[in-house]
Amino acid sequence: MVNAVAKFEVDFSDIIAALAGPGIGVFPNFIDSQIVASLRHDVLSLGEHELSPAGIGRAHALQTNGNIRSDKTRWLEGDRPIQQYYLALMSRLKHTLNRELFLGLKDYECHYALYQTGDFYKKHLDAFRGRSNRRITTVLYLNDDWQVEHGGELVVYAANGTEPVHRILPSAGTLVCFLADEFPHEVLPAHRDRLSIAGWFRIDDPIAPSLCL
Ligand SMILES: O=C(O)CCC(=O)C(=O)O
Ligand SMILES: [Fe+2]
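This structure is a prediction, so every number in the text was calculated from the model and none was measured.

What counts, and where the lines are drawn
Residues numbered from 1 in each chain as written. Chains lettered and ligands numbered in written order. Predicted model: local features only at pLDDT ≥ 70, side-chain atom pairs only at ≥ 80, totals over all residues. Helix = DSSP H or I, 4+ residues; strand = E, 2+ residues; numbered from the N terminus. Buried ≥ 20, exposed ≤ 12 C-beta atoms within 10 Å, placed from the backbone. Contact = placed C-beta atoms within 7 Å. Pairing = 2+ DSSP bridges. Near = placed C-beta within 6 Å. Nonpolar A, V, L, I, M, F, W, Y, C, P; charged D, E, K, R; others polar. pLDDT = per-residue confidence, 0-100. Axes fitted to C-alpha atoms, helices over the stretch in contact; angles between N-to-C directions. Core = buried A, V, L, I, M, F, W, Y, C linked by C-beta atoms within 7 Å. Expected span 1.5 Å × (residues − 1). Arc of directions from axis to C-beta. Parallel < 35°, antiparallel > 145°, perpendicular 65-115°, else oblique. Left-handed = near helix turned anticlockwise from the far one by under 90°.

A. Quick look at the overall build of the chain. The number of helices and strands found in the chain is four helices and eleven strands. Counting across all 213 residues of the chain, residues that qualify as buried make up 34%. Pairs at least 24 residues apart make up 77% of the contacts formed inside the chain by residues separated by at least 6 positions.

Printed below as a string of C-alpha coordinates:
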(Lines give C-alpha, C1' and ligand atoms only; values in the text may rest on other atoms or scores of the structure.)
(Ligands and ions follow the chains in the order given, each with its own letter.)
Protein backbone atom coordinates (compact mmCIF):
# COMPACT_ATOMS: atom_id res chain seq x y z
CA MET A 1 0.00 0.00 0.00
CA VAL A 2 2.81 2.37 0.85
CA ASN A 3 4.36 1.93 -2.58
CA ALA A 4 1.03 2.53 -4.26
CA VAL A 5 0.69 5.92 -2.60
CA ALA A 6 4.37 6.85 -2.44
CA LYS A 7 3.99 8.90 -5.61
CA PHE A 8 1.38 11.05 -3.89
CA GLU A 9 2.55 14.61 -4.40
CA VAL A 10 2.69 17.02 -1.51
CA ASP A 11 2.78 20.74 -2.19
CA PHE A 12 5.16 22.62 0.11
CA SER A 13 4.46 26.13 -1.18
CA ASP A 14 2.00 27.02 1.59
CA ILE A 15 4.55 25.95 4.21
CA ILE A 16 7.23 28.12 2.62
CA ALA A 17 4.87 31.12 2.60
CA ALA A 18 3.82 30.54 6.22
CA LEU A 19 7.35 30.23 7.56
CA ALA A 20 8.55 33.25 5.55
CA GLY A 21 5.55 35.28 6.76
CA PRO A 22 4.04 34.75 10.21
CA GLY A 23 6.46 31.93 11.05
CA ILE A 24 3.68 29.43 11.65
CA GLY A 25 1.15 27.58 9.52
CA VAL A 26 -1.59 25.00 10.04
CA PHE A 27 -2.30 22.67 7.14
CA PRO A 28 -5.37 20.41 7.37
CA ASN A 29 -5.25 17.35 5.08
CA PHE A 30 -1.55 17.85 4.48
CA ILE A 31 -1.08 14.12 3.95
CA ASP A 32 -3.19 11.54 2.17
CA SER A 33 -5.51 9.68 4.55
CA GLN A 34 -4.04 6.28 3.56
CA ILE A 35 -0.60 7.43 4.64
CA VAL A 36 -1.99 8.77 7.90
CA ALA A 37 -3.77 5.45 8.49
CA SER A 38 -0.51 3.55 7.90
CA LEU A 39 1.38 5.77 10.33
CA ARG A 40 -1.37 5.33 12.92
CA HIS A 41 -1.28 1.57 12.41
CA ASP A 42 2.49 1.64 12.82
CA VAL A 43 2.43 3.45 16.17
CA LEU A 44 -0.48 1.37 17.44
CA SER A 45 1.46 -1.80 16.64
CA LEU A 46 4.21 -0.78 19.09
CA GLY A 47 4.21 -2.60 22.39
CA GLU A 48 4.06 -0.78 25.74
CA HIS A 49 7.79 -1.33 26.24
CA GLU A 50 8.59 0.34 22.89
CA LEU A 51 7.24 3.71 24.05
CA SER A 52 9.15 5.69 26.69
CA PRO A 53 8.22 8.59 28.96
CA ALA A 54 9.12 11.69 26.97
CA GLY A 55 12.28 13.61 27.86
CA ILE A 56 12.84 17.26 28.67
CA GLY A 57 15.94 19.25 27.92
CA ARG A 58 19.08 18.56 25.98
CA ALA A 59 20.03 15.12 24.83
CA HIS A 60 23.14 14.95 27.00
CA ALA A 61 21.16 15.89 30.11
CA LEU A 62 17.87 14.32 29.20
CA GLN A 63 15.47 14.00 32.07
CA THR A 64 11.84 13.07 32.33
CA ASN A 65 9.56 15.33 34.29
CA GLY A 66 5.95 14.29 34.57
CA ASN A 67 5.02 17.74 35.85
CA ILE A 68 5.84 19.27 32.49
CA ARG A 69 4.75 16.56 30.08
CA SER A 70 3.27 13.12 30.47
CA ASP A 71 3.22 11.71 26.93
CA LYS A 72 5.16 8.67 25.71
CA THR A 73 7.35 8.75 22.64
CA ARG A 74 9.31 6.66 20.19
CA TRP A 75 11.82 8.03 17.68
CA LEU A 76 11.26 7.12 14.02
CA GLU A 77 14.31 5.41 12.64
CA GLY A 78 12.91 4.07 9.39
CA ASP A 79 12.25 0.61 10.81
CA ARG A 80 9.28 0.09 8.51
CA PRO A 81 8.44 1.37 4.99
CA ILE A 82 5.84 3.83 6.24
CA GLN A 83 8.45 5.45 8.51
CA GLN A 84 10.83 5.63 5.56
CA TYR A 85 8.09 7.29 3.55
CA TYR A 86 7.52 9.97 6.18
CA LEU A 87 11.23 10.60 6.74
CA ALA A 88 11.74 10.89 2.96
CA LEU A 89 8.87 13.35 2.71
CA MET A 90 10.37 15.50 5.46
CA SER A 91 13.74 15.27 3.77
CA ARG A 92 12.16 16.68 0.61
CA LEU A 93 10.61 19.45 2.70
CA LYS A 94 14.04 20.17 4.21
CA HIS A 95 15.59 20.55 0.76
CA THR A 96 12.75 22.81 -0.33
CA LEU A 97 13.11 24.98 2.80
CA ASN A 98 16.84 25.27 2.22
CA ARG A 99 16.37 26.15 -1.45
CA GLU A 100 13.58 28.69 -0.90
CA LEU A 101 14.46 30.20 2.48
CA PHE A 102 18.22 29.52 2.76
CA LEU A 103 17.80 27.99 6.20
CA GLY A 104 20.83 25.69 6.10
CA LEU A 105 18.93 22.83 7.68
CA LYS A 106 21.03 19.70 8.02
CA ASP A 107 18.92 17.10 9.73
CA TYR A 108 15.39 16.07 10.69
CA GLU A 109 14.44 14.08 13.77
CA CYS A 110 10.95 13.03 14.79
CA HIS A 111 9.11 10.84 17.22
CA TYR A 112 5.71 9.31 17.59
CA ALA A 113 3.94 10.68 20.65
CA LEU A 114 1.06 9.06 22.50
CA TYR A 115 -0.95 11.17 24.93
CA GLN A 116 -3.34 8.98 26.87
CA THR A 117 -6.37 10.31 28.71
CA GLY A 118 -5.24 13.13 31.00
CA ASP A 119 -1.80 13.52 29.41
CA PHE A 120 -0.54 17.05 28.66
CA TYR A 121 2.53 19.09 27.79
CA LYS A 122 2.71 22.43 29.63
CA LYS A 123 3.61 25.67 27.90
CA HIS A 124 7.15 25.58 26.50
CA LEU A 125 9.45 26.60 23.67
CA ASP A 126 11.04 23.86 21.58
CA ALA A 127 14.29 25.81 21.23
CA PHE A 128 16.08 28.76 22.76
CA ARG A 129 17.71 31.13 20.33
CA GLY A 130 21.47 30.73 20.14
CA ARG A 131 21.33 27.73 22.45
CA SER A 132 19.74 25.12 20.24
CA ASN A 133 20.15 23.43 16.89
CA ARG A 134 16.42 23.05 16.45
CA ARG A 135 15.04 25.57 13.97
CA ILE A 136 11.62 24.41 12.82
CA THR A 137 9.02 22.28 14.54
CA THR A 138 6.56 20.06 12.68
CA VAL A 139 3.66 18.17 14.21
CA LEU A 140 1.50 15.78 12.19
CA TYR A 141 -1.66 14.43 13.82
CA LEU A 142 -2.96 10.91 13.32
CA ASN A 143 -6.40 10.98 15.04
CA ASP A 144 -9.60 10.17 13.19
CA ASP A 145 -12.75 12.05 14.08
CA TRP A 146 -11.29 14.33 16.75
CA GLN A 147 -13.97 16.52 18.37
CA VAL A 148 -13.55 19.67 20.49
CA GLU A 149 -14.86 17.77 23.52
CA HIS A 150 -11.92 15.36 23.26
CA GLY A 151 -9.61 18.17 24.45
CA GLY A 152 -5.96 17.72 23.52
CA GLU A 153 -5.73 20.96 21.55
CA LEU A 154 -2.35 22.43 20.74
CA VAL A 155 -2.52 26.04 21.93
CA VAL A 156 0.11 28.27 20.34
CA TYR A 157 0.88 31.68 21.86
CA ALA A 158 2.22 34.87 20.33
CA ALA A 159 6.01 35.09 20.41
CA ASN A 160 6.17 37.79 23.08
CA GLY A 161 2.98 37.29 25.00
CA THR A 162 0.34 35.17 26.56
CA GLU A 163 -2.17 35.73 23.78
CA PRO A 164 -3.17 32.45 22.08
CA VAL A 165 -2.83 32.77 18.31
CA HIS A 166 -3.87 29.24 17.32
CA ARG A 167 -5.90 26.46 18.91
CA ILE A 168 -5.39 23.37 16.84
CA LEU A 169 -7.38 20.16 17.01
CA PRO A 170 -5.11 17.13 16.51
CA SER A 171 -7.13 15.84 13.55
CA ALA A 172 -5.81 13.17 11.20
CA GLY A 173 -3.69 14.63 8.42
CA THR A 174 -3.27 18.13 9.93
CA LEU A 175 0.31 19.40 9.93
CA VAL A 176 1.50 22.32 12.07
CA CYS A 177 4.80 23.92 11.24
CA PHE A 178 6.47 26.81 13.10
CA LEU A 179 9.75 28.46 13.99
CA ALA A 180 10.93 26.46 17.00
CA ASP A 181 12.31 29.38 19.02
CA GLU A 182 9.44 31.82 18.48
CA PHE A 183 6.18 30.28 19.59
CA PRO A 184 5.43 29.08 23.12
CA HIS A 185 2.84 26.31 22.97
CA GLU A 186 1.12 23.71 25.11
CA VAL A 187 -0.87 20.52 24.70
CA LEU A 188 -4.08 20.57 26.72
CA PRO A 189 -5.10 17.35 28.50
CA ALA A 190 -6.67 14.88 26.11
CA HIS A 191 -9.79 12.87 26.96
CA ARG A 192 -8.94 10.02 24.62
CA ASP A 193 -5.73 8.66 23.13
CA ARG A 194 -4.00 11.31 21.02
CA LEU A 195 -1.38 10.29 18.46
CA SER A 196 1.07 12.52 16.62
CA ILE A 197 4.51 12.75 15.07
CA ALA A 198 6.49 15.68 16.47
CA GLY A 199 9.66 16.55 14.57
CA TRP A 200 12.39 19.16 14.27
CA PHE A 201 14.57 20.39 11.47
CA ARG A 202 18.03 21.05 12.85
CA ILE A 203 21.09 23.01 11.84
CA ASP A 204 23.88 20.99 13.34
CA ASP A 205 26.05 24.04 13.63
CA PRO A 206 29.69 22.99 14.10
CA ILE A 207 30.24 26.22 16.10
CA ALA A 208 27.98 24.86 18.82
CA PRO A 209 28.45 21.11 18.69
CA SER A 210 27.28 20.44 22.22
CA LEU A 211 23.93 22.17 21.94
CA CYS A 212 21.56 19.36 21.30
CA LEU A 213 17.98 20.28 22.20
O1 LIG B 1 1.60 17.32 19.97
C2 LIG B 1 1.59 18.53 19.88
O3 LIG B 1 0.59 19.14 19.49
C4 LIG B 1 2.83 19.34 20.23
C5 LIG B 1 3.89 18.54 20.94
C6 LIG B 1 5.04 19.40 21.41
O7 LIG B 1 4.89 20.55 21.70
C8 LIG B 1 6.40 18.84 21.51
O9 LIG B 1 6.57 17.60 21.41
O10 LIG B 1 7.35 19.63 21.70
FE1 LIG C 1 6.77 21.56 21.68
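B. Looking closely at the pairing of strand β4 (residues 107–115). Judged from the four bridges that link them, strand β3 (residues 72–75) and β4 form a sheet pairing that is antiparallel. Within the sheet, the bridge partner assigned to W75 lies in β4 and is H111. Strand direction decides the pairing type here: β4 and strand β11 (residues 194–202), joined by nine bridges, are antiparallel. When the sheet's bridge partners are listed, E109 is paired in β11 with W200.

C. Structural detail: the sheet that holds strand β9 (residues 175–179). With respect to topology, seven strands assemble into an open sheet ordered β1-β9-β6-β11-β4-β3-β2, the strand pairing being antiparallel. The two strands at the open ends of the sheet, each matched to only one other strand, are β1 (24–27) and β2 (52–53).

D. Quick peek at the site of ligand 1. A113, Y121, D126, V139, L154, H185, V187, S196 and A198 make up every residue found near ligand 1. Of all elements in the fold, only β10 (185–187) and β11 reach the threshold of two or more residues within the shell around ligand 1. Of the residues assigned to the shell around ligand 1, the class counts are six nonpolar, two polar and one charged.

E. Looking closely at the confidence of the model for the chain. Chain-level statistics for the chain give a pLDDT mean of 89 and a share of 86% at 70 or above. Complex prediction metrics read pTM 0.91 and ipTM 0.99.

F. A look at the sheet that holds strand β5 (residues 121–124). Strand order in the open sheet made by the four strands is β5-β10-β7-β8, with antiparallel pairing throughout. Every interior strand has two partners, whereas the edge strands, β5 and β8 (164–168), have only one. Neighbour to neighbour, the strand axes of the sheet diverge by 10 degrees on average, direction disregarded.

G. Unusual backbone geometry, seen in detail. One non-glycine residue, N29, lies in the positive phi region at around 55 degrees. Summarising the element assignment, N29 is placed in the loop between β1 and α3 (33–44). Positive phi is not limited to glycine here, since F102 has a value of about 55 degrees. Of note, F102 is situated in the loop between α4 (81–101) and β4.

H. Quick peek at the nonpolar core. Within the largest apolar cluster, 45 residues are counted, with the highest numbers of intra-cluster contacts made by L39, I136, L140, L142, C177 and I197. Looking at this core, the elements that each hand over two or more residues are α2 (13–20), α3, α4, β4, β6 (134–141), β7 (154–157), β9 and β11. Ignoring any residue separated from it by four or fewer positions in sequence, one finds I136 in contact with L19, C177, L179, A180, W200 and F201.

I. Inspection of α4 at higher detail. The first and last C-alpha atoms of α4 sit 30 Å apart over 21 residues, in line with the 30 Å expected at 1.5 Å per residue. Where α4 is concerned, the buried positions are I82, Q83, Y85, Y86, L93 and L97. Around the axis of α4, the buried residues are gathered within 160 degrees of arc, so they sit on the same side. The outward face of α4, more than 90 degrees from its buried face, is lined by the exposed residues A88, R92, H95 and R99. One or two steps after α4, the chain reaches F102, where phi turns positive at roughly 55 degrees.

J. Focus on the packing of α3 against α4. Between α3 and α4, the least distance of the axes is 9 Å, while the angle of their chain directions is 125 degrees. Overall, the two elements α3 and α4 adopt an arrangement that is oblique. Relative to α4, the crossing made by α3 is left-handed. Packed against α3, whose contacting residues are I35, S38, L39 and D42, the element α4 presents I82, Q83, Y85 and Y86 at the interface. Considered class by class, the residues forming the contact of α3 with α4 number five nonpolar, two polar and one charged.

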